Amino acid sequence: MEGFNEHEEEGWNEEINHDDEEVADEDAEEEKVKRQIKSEEKVKRQVESDDPDLVELKIRRRGYDFSHANDDDSYFPHADDWERDGEIIGRNTHLKVLEFSTLNGGVAKEDVEKFFRGV
């Protein structure tokens with residue numbers, strides 16, 4: 001093909017491969033977020049229904065970076081609802097362990113105090 005050389009073709013292929021990698025990374029990140037949301041909704045239902053299978057609960061702040069976690073059984077109180085969420089969790093009769101996150105700045109002392117006012 002006139003005006004088209006093998007080096008230009010290689011560069012074009014590299015660009016396509018790079019774009020494919022970006023799309024794959026975006027897809028993987030989107031799947032990760034979907035799994036986190038699904039897990040968060042499941043844990044919230046377990047907490048609200050006093051699920052007998054829920055015996056341990058990790059309390060995390062919003063914005064928690066899941067790349068440091070190998071679990072998906074975390075509860076995320078909303079910024080203005082720490083006391084209300086403490087009340088809901090306090091009604092659970094099966095919980096044996098509550099763990100508060102210390103990663104990425106962890107849960108603020110003020111939020112922990114609000115939470116335990118609810119409990």
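Overview of the structure. No experiment lies behind these values; they were computed from the predicted model shown. Sequence positions are assigned chain by chain, starting from 1 and proceeding in written order. Since the coordinates come from a predicted model, pLDDT governs what is reported: local features require at least 70, and pairs of side-chain atoms require 80 or more to be given and counted, while whole-chain, interface and lining totals use all residues. Think of the side-chain values as coming from all heavy atoms in the structure, minus any hydrogens and water.

Focus: the overall build of the protein
Within the protein, the regular secondary structure consists of 3 helices and 3 strands. In sequence order, the protein lays out its α and β elements as α-β-β-α-β-α. For the exposure calls, accessible area comes from a 1.4 Å probe over protein chains only, and a residue counts as buried if that area is under 20% of its type's maximum, exposed if over 50%, partly exposed in between. For the protein, the proportion of its 119 residues judged to be buried stands at 25%. Contact definition: two residues touch when any of their heavy atoms are within 4.5 Å. In the protein, the share of contacts with a sequence separation of at least 24, taken over all contacts with a separation of at least 6, comes to 65%. Surface accessibility of the protein: about 8,500 Å² in total, with carbon and sulfur atoms responsible for 47%. Strands are runs of DSSP state E lasting at least 2 residues, helices are runs of H or I lasting at least 4, and numbering of each runs from the N terminus. In these tables, accessible area is a Shrake-Rupley quantity obtained with a 1.4 Å probe, and a residue counts as shielded only by the protein chains included in the view.

Overview of the sheet that holds strand β2 (residues 74-75)
Pairing between two strands is assigned when DSSP locates at least 2 bridges connecting them. Ordered by their spatial adjacency, 3 strands build an open sheet running β2-β1-β3, and the pairing between neighbours is parallel. The open sheet terminates on both sides in strands that have one partner only, identified here as β2 and β3 (97-100). With 4 bridges connecting them, strand β1 (residues 56-59) and β3 associate as parallel partners. Looking at β3, one finds that K58 is bridged to E99. Only the stretch in contact is used when a helix axis is fitted, and all axes are lines through C-alpha atoms; the angle between N-to-C directions ranges over 0 to 180 degrees. Of the strands in this sheet, β1, β2 and β3 touch helix α2 (residues 82-90), which is tilted by about 175° from β1.

Considering the nonpolar core
Residues V43, V47, L54, L57, I59, Y75, W82, I88, I89, L95, V107 and F115 constitute the largest nonpolar core, which totals 12 residues. In terms of residues, this core owes the most to one element, α2, which gives 3 residues. Those residues in contact with Y75 that sit more than four places away from it in its chain are V43, K44, V47, L57, K58, I59, R60, D85 and I89. Residues belong to one nonpolar core when they are buried, are Ala, Val, Leu, Ile, Met, Phe, Trp, Tyr or Cys, and are joined through side-chain atoms within 4.5 Å.

Focus on unusual backbone geometry
A positive phi is found at D50, a non-glycine position, where the angle reads about 55°. Relative to the assigned elements, D50 resides in the loop between α1 (6-48) and β1.

As for the packing of aromatic side chains
By convention here, two paired aromatic rings are described through the distance between centres and the angle between planes. Two aromatic rings from Phe, Tyr or Trp, using only the six-membered ring of Trp, form a pair when their centres are within 6.5 Å; if the ring planes differ by under 30 degrees the pair is stacked, by over 60 it is edge-to-face, and anything between is tilted. Overall, the coordinates contain 3 aromatic pairs when judged by the stated rule. Aromatic side chains F100 and F115 sit 5.3 Å apart centroid to centroid with 80° between the ring planes, which places their arrangement in the edge-to-face category. Of the two residues, F100 sits in strand β3 while F115 sits in helix α3 (residues 109-118), which places them 15 residues apart along the sequence. On the basis of an interplanar angle of 90° and a centroid distance of 5.2 Å, the ring pair of F115 and F116 is categorised as edge-to-face. When its relative accessible area of 44% is taken as the criterion, F116 is described as partly exposed. An aromatic cluster of three or more residues is present, and its members are F100, F115 and F116.

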